[in-house]
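# Working through the structure, step by step
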2 protein chains.
Amino acid sequence: MIRVIVWGFGEMGKGIVENILSKKSVLELVGVIDVKPDLVEKDAGLLLGKEKIGIRVSSNPEKLLDEANPDIVILSTNSFVENVLPQIEMIIKKHINLITIAEEMAYPFHTHPEESSLIDSLAKRYGATVLGTGINPGFVLDTLIITLTAVCKKVKKIKARRVNDLSPFGPTVMKTQGVGTTVEEFYKGLEKGEIVGHIGFEQSINMIADALGWKLEKIEEIREPIVSKVQRETKYVEVKPGMVAGCKHVGKGYLNGEIVIELEHPQQIRPELENVETGDYICIEGEPDINLSIKPEIPGGTGTIAMAVNMIPMVVEHKPGFYSMKDFPIPRCLNI
Amino acid sequence: MIRVIVWGFGEMGKGIVENILSKKSVLELVGVIDVKPDLVEKDAGLLLGKEKIGIRVSSNPEKLLDEANPDIVILSTNSFVENVLPQIEMIIKKHINLITIAEEMAYPFHTHPEESSLIDSLAKRYGATVLGTGINPGFVLDTLIITLTAVCKKVKKIKARRVNDLSPFGPTVMKTQGVGTTVEEFYKGLEKGEIVGHIGFEQSINMIADALGWKLEKIEEIREPIVSKVQRETKYVEVKPGMVAGCKHVGKGYLNGEIVIELEHPQQIRPELENVETGDYICIEGEPDINLSIKPEIPGGTGTIAMAVNMIPMVVEHKPGFYSMKDFPIPRCLNI
């Protein structure tokens, strides 16, 4: 039995808790942490709309981590290294292993070298293993691509595209992707940092480059509005023709002046209304060429929840330190 | 620099040698072994139709392994555990790491438990690492499937199909797949063991089942003739309508009376003449469902050659013992 605490009880954290509760023969949920006042002290099972499980959401991580004796914490509080670093330090210093779905933590070794080496050295000193994972970054546009290159004698260029549908998401996602704005508002939102597109291109591109031994000169990111030709609607937003239905975000890695990695992630509502087929597409130019498609795309929410929980046994067994998916044995479903 | 010997200079061995020679900044070819009289003592480079490389094919493995001081041997002599076991024992006892593309060695832990545990214990005693790999078994119908299940909360059933084109292959492959026989001859050939279909279903199915924690009751294999409706021809064989264009080989793994793993590998010449599209197809029934296609299929020869060479650095660095792809870090192209 592996004792697990989930820190961060938002949409992802809730899904992770549910997934852990469905694997009772190997995983034991021993605590949930969140600071939101409407969650604190309430039973996590009841908050999920299910039966009481006898675990109340705690707003005191120090105390819970000390008392609940977890083997591992799943950290699902925030996307950015800067914001999760204090939480990660606290967990490691209590000798507890850690999986985080913070997008920037999937591969921060180039973007945040100092923080990464701090985490790695602390993890080694305190005997904890730290892994950043998720569906993207963490799987579709990095781990899966790297795995696929194993059948190539040589790789010249990688182009991949993750085309998804934002329709099920709520107002927060609509805002960060610029859905429902005018083109002018979209560009202003980009400038102000309110519209961000995808978080994870730098991470995925650096992970692929390191796996293939490419020392990139630069990584470029381009965010463009997906201007709708038709009327598109969801429960939360209306997009008239000429307005923005989403953000087309592209990341490019350069080697010797050429683009060798090009990742594209257009995120929009109701893509089917303009005959856009959702899916994950990977194209490796090399020896041989490889063309892969997954249709429809691997669902982002379920995929992230699955990855976070499926990696638990491997992280608990792994030697201490801070690692990425690239360093782990091939992942698999904890099929309980 | 990693010093490599290639043992077995058939089609695969030749491709592996060429691939190693193309990666001179990390791999050094220090010997080639084969016993075929038309190869022995000839320069391996000249035999490849290229320039002389100063390495003559040796028919004396004992001597070469002792004198050339290799870090690793790539063994590409034969498909079956029984036949490669003495060679594997010899290599391990000289404290040398080993990658083999023998299909049965990709995952012999269930089919050959005694031989597997002998290899593992010898490897640990002599400080050698042993890995079985290849494109299939070794990647398409096992490693890739397992990796893909990582995005699932639950897996109920796996169906996968590798549809390829045998047209480029020579007379030996035509015979083992029954291409150019009558239906009657095909079934007689199966009975006599001359027509074998694919080697590797038991290995792939067992590897997947172990990764997912499924204790299968039985594995069933079915071989059927692919009867051609049209005239099909290659350089080596003619198939008239009503004759056999190849072998449709299916492997099924049962759990609680249900088929939970179903792998299909129809191998034939000129599939396009009956509008059969070649490709690798993986379908996971679970939470969520996943539908993957790779079109055309990953080429078998190039893929096996790439896998064997790409795994070299990881095998050399790995702790001693006998492992499968399932236990290794995610594979990748040694992109030199």
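Within each chain, residue numbers correspond to sequence positions counted from 1 in written order. Starting at A for chains and at 1 for ligands, labels are handed out in the order in which the entities are written. The model is predicted, so local features are restricted to residues of pLDDT at least 70 and side-chain atom pairs to those at 80 or more, both for listing and for counting; the totals for chains, interfaces and linings are taken over all residues. Excluded from the side-chain calculations are hydrogens and water; all other atoms, namely the structure's heavy atoms, are used.

All names here are of chain A. Taking 1.5 Å of rise per residue, 14 residues should cover 20 Å, and helix α5 (residues 113-126) covers 20 Å from first to last C-alpha, within 8% of that figure. For α5, the set of buried residues is S116, I119, D120, L122 and A123. Along α5, the residues classed as buried sweep out an arc of 165° about the axis, all on the same side. Exposed and oriented more than 90 degrees from the buried face of α5 are E114 and R125. Contacts are assigned to residue pairs with any non-hydrogen atoms lying within 4.5 Å of each other. Under the scheme used here, helices are H or I runs from DSSP no shorter than 4 residues and strands are E runs no shorter than 2 residues, and both carry numbers assigned from the N terminus. Where the residues of α5 are buried, they touch α4 (81-93), β6 (129-132) and β15 (321-323). Where α5 terminates, the next one or two residues include G127, which has phi positive at roughly 70°. To estimate the expected span of a helix, subtract one from its residue number and multiply by 1.5 Å. Only protein chains enter the accessibility calculation, which uses a 1.4 Å probe; a residue whose area is less than 20% of its type maximum is buried, one above 50% is exposed, and one in between is partly exposed. Working note: the arc is built from the helix axis to C-beta atom directions.

Let us now look at the domain arrangement of chain A. Residue and element names in this part refer to chain A. Segmenting chain A into domains produces domain 1 (2-135 + 302-327) and domain 2 (143-297). Taken together, the contacts link 12 residues of domain 1 with 10 residues of domain 2. Here the quantity called buried area is the total loss of accessible area, with a 1.4 Å probe, experienced by two parts when brought into contact, counted for both. Both faces considered, domain 1 and domain 2 share a buried interface measuring about 1,000 Å² in area, 68% of it formed by carbon and sulfur atoms. Put simply, a salt bridge is a Lys or Arg side-chain nitrogen that is within 4 Å of an Asp or Glu carboxyl oxygen. Summed over the shared surface of domain 1 and domain 2, the number is 0 salt bridges. In protein, a polar contact means a hydrogen-donor-capable atom and an acceptor-capable atom, both N or O and within 3.5 Å, with residues adjacent in sequence counting only if both atoms are side-chain atoms; elsewhere, any N or O pair within 3.5 Å suffices. One can count 2 residue pairs in polar contact (both at pLDDT 80 or more) joining domain 1 with domain 2. Side-chain classes follow a simple rule in which Ala, Val, Leu, Ile, Met, Phe, Trp, Tyr, Cys and Pro form the nonpolar group, Asp, Glu, Lys and Arg form the charged group, and the remainder, Gly included, forms the polar group. A class-by-class count of the residues in the side of domain 1 that touches domain 2 yields 5 nonpolar, 4 polar and 3 charged. Each domain span listed reflects an automatic or database assignment of domains.

Attention now goes to unusual backbone geometry. Comment: phi is negative for the bulk of residues other than glycine, and the bulk of peptide bonds are trans. Note that the residue after A:N136, namely A:P137, is joined by a cis bond; omega there is 5°. For A:P137, the location among the structural elements is in the loop between β6 and α6 (143-149). Backbone geometry at B:N256 places phi at a positive 50°, although glycine is not the residue there. With respect to the helices and strands, B:N256 occurs in the loop between β11 (244-255) and β12 (258-268). Phi at B:N275 is positive, roughly 55°, even though this residue is not glycine. In this structure, B:N275 sits in the loop between β12 and β13 (279-287).

Below, the discussion takes up the side chain of B:K153. Examined against the element boundaries, B:K153 turns out to sit in the loop between α6 (143-149) and β7 (154-165). On the basis of relative accessibility, which here comes to 19%, the residue B:K153 falls in the buried class. What B:K153 contacts, discounting residues up to four positions off in sequence, is A:N19, A:K23, A:T302, A:I305, A:A306, A:C333, A:L334 and B:E287.

It is worth spelling out the sheet that holds strand β14 (residues 290-294) of chain B at this point. DSSP bridges decide pairing: two strands pair if at least two such bridges lie between them. The mixed open sheet is built from 12 strands, whose spatial order is β8(A)-β11(A)-β12(A)-β7(A)-β13(A)-β14(A)-β14(B)-β13(B)-β7(B)-β12(B)-β11(B)-β8(B). At either end of the open sheet lies a strand with only one pairing partner, and these are β8 (218-227) of chain A together with β8 (218-227) of chain B. Put simply, the sheet's adjacent strands are angled 10° from each other on average, direction ignored. Both β8(A) and strand β11 (residues 244-255) of chain A contribute to a ladder of 10 bridges, which runs antiparallel. The residue bridging A:E224 from the neighbouring strand is A:K248, located in β11(A). Orientation is described by axes fitted as lines to C-alpha atoms, over the contacting stretch for helices, and by angles from 0 to 180 degrees between their N-to-C directions.

This part covers the relation of the copies chain B and chain A. With an RMSD of 0.0 Å, chain B superimposes on chain A once it is rotated by 180° and translated 0.0 Å along the axis. The relationship between the two copies is best expressed as a two-fold rotation axis. Within chain B, B:P329 has its C-alpha nearest the rotation axis, a separation of 1.8 Å. We superpose the copies by least squares over the C-alpha atoms of residues that have a pLDDT of at least 70 in both of them.

Residue and element names in this part refer to chain B. Spatial ordering of the open sheet is given by β3-β2-β1-β4-β5-β6-β15, a layout of 7 strands whose pairing is parallel. Because the sheet does not close on itself, it has two edges, and the strands there are β3 (57-58) and β15 (321-323). Summarising the sheet, strand β4 (residues 72-75) and strand β5 (residues 97-100) pair through 4 bridges and their orientation is parallel. The residue bridging I72 from the neighbouring strand is N97, located in β5. Helix α3 (residues 61-68) rests against β1 (2-7), β2 (27-33), β3 and β4 of the sheet, and its axis sits at about 160° to β2.

Let's shift gears to the nonpolar core. By size, the foremost hydrophobic cluster in this structure holds 135 residues, and its most contacted members are A:F139, B:F139 and B:W214. Discounting residues that sit within four places of it in the chain, A:F139 has contacts with A:G134, A:L144, A:I298, A:M307, A:P331, B:T147, B:L148, B:A150 and B:V151. As used here, the term nonpolar core means buried Ala, Val, Leu, Ile, Met, Phe, Trp, Tyr and Cys residues forming a set that is joined through side-chain atoms within 4.5 Å. Ranked by size, the runner-up nonpolar core spans 26 residues in total, among them B:L64, B:L85, B:L98 and B:F322.

This brings us to the interface of chain B and chain A. By a widely used convention, the size of an interface equals the accessible area lost when the partners come together. Each partner contributes to the interface: chain B provides 47 residues, whereas chain A provides 47 residues. Together chain B and chain A conceal approximately 3,800 Å² of surface at their shared face, both sides included; 62% is due to carbon and sulfur atoms. On the chain B side of the contact with chain A, B:K153, B:I330 and B:N335 bury the most area, a combined 19% of that side's loss. At the junction of chain B and chain A, the tally comes to 0 salt bridges. Seen at the junction of chain B and chain A, the total is 17 residue pairs in polar contact (both at pLDDT 80 or more). Grouping the amino acids of the side of chain B that touches chain A by side-chain chemistry returns 29 nonpolar, 10 polar and 8 charged. Relative to β14(B), strand β14 (residues 290-294) of chain A runs antiparallel, the two being bridged by 3 bridges. Residue pairing for β14(B): A:L292 is matched across the bridge by B:I294.

Our focus in this paragraph is the pairing of β14(A). Residue and element names in this part refer to chain A. Extensive coverage of β14 is indicated by the burial of 4 of its 5 residues. Here strand β13 (residues 279-287) runs beside β14; their pairing, made up of 5 bridges, is antiparallel. In the strand pairing of β14, Y281 is matched with S293. Connecting the antiparallel pair β13 and β14 is a turn made up of 2 residues.

Turning our eyes to something else, we now look at the packing of aromatic side chains. Here is the rule: rings of Phe, Tyr and Trp (six-membered ring for Trp) pair when centre to centre is within 6.5 Å. Planes less than 30 degrees apart are stacked, more than 60 are edge-to-face, and the remainder are tilted. Tallied over the full model, the rule gives 8 aromatic pairs over all chains. With centroids separated by 5.8 Å and ring planes inclined at 85°, the aromatic side chains of A:F186 and A:Y187 adopt a geometry described as edge-to-face. Here a set of aromatic residues connected by ring pairs shows up, and it is made of A:Y107, A:F109 and A:F322. Charges are assigned to positions over rings by a cutoff of 6 Å between ring centre and Lys NZ or Arg CZ, combined with an angular limit of 35 degrees from the ring normal. Here B:K218 stacks its cationic end above the ring of B:Y254, 4.5 Å away from the centre of that ring.

Residues and elements named next belong to chain B. Running from N to C, helix α1 (residues 11-21) and helix α10 (residues 300-310) cross one another at 55°; their axes reach a closest spacing of 9 Å. Comparing their axes, α10 and α1 come out oblique. The way α1 lies across α10 gives a crossing that is right-handed. Within the contact between the two elements, α1 uses M12, G15, I16, N19 and I20 and α10 uses G301, T304, I305, A306, A308 and V309. Residue composition of the contact of α1 with α10, by class: 7 nonpolar, 4 polar and no charged. For this classification, under 35 degrees means roughly parallel, over 145 means roughly antiparallel, 65 to 115 means roughly perpendicular, and everything else is oblique. Helix crossings get a hand from a simple test, with the near helix turned counterclockwise from the far one by less than a right angle marking a left-handed crossing and a clockwise turn marking a right-handed one.

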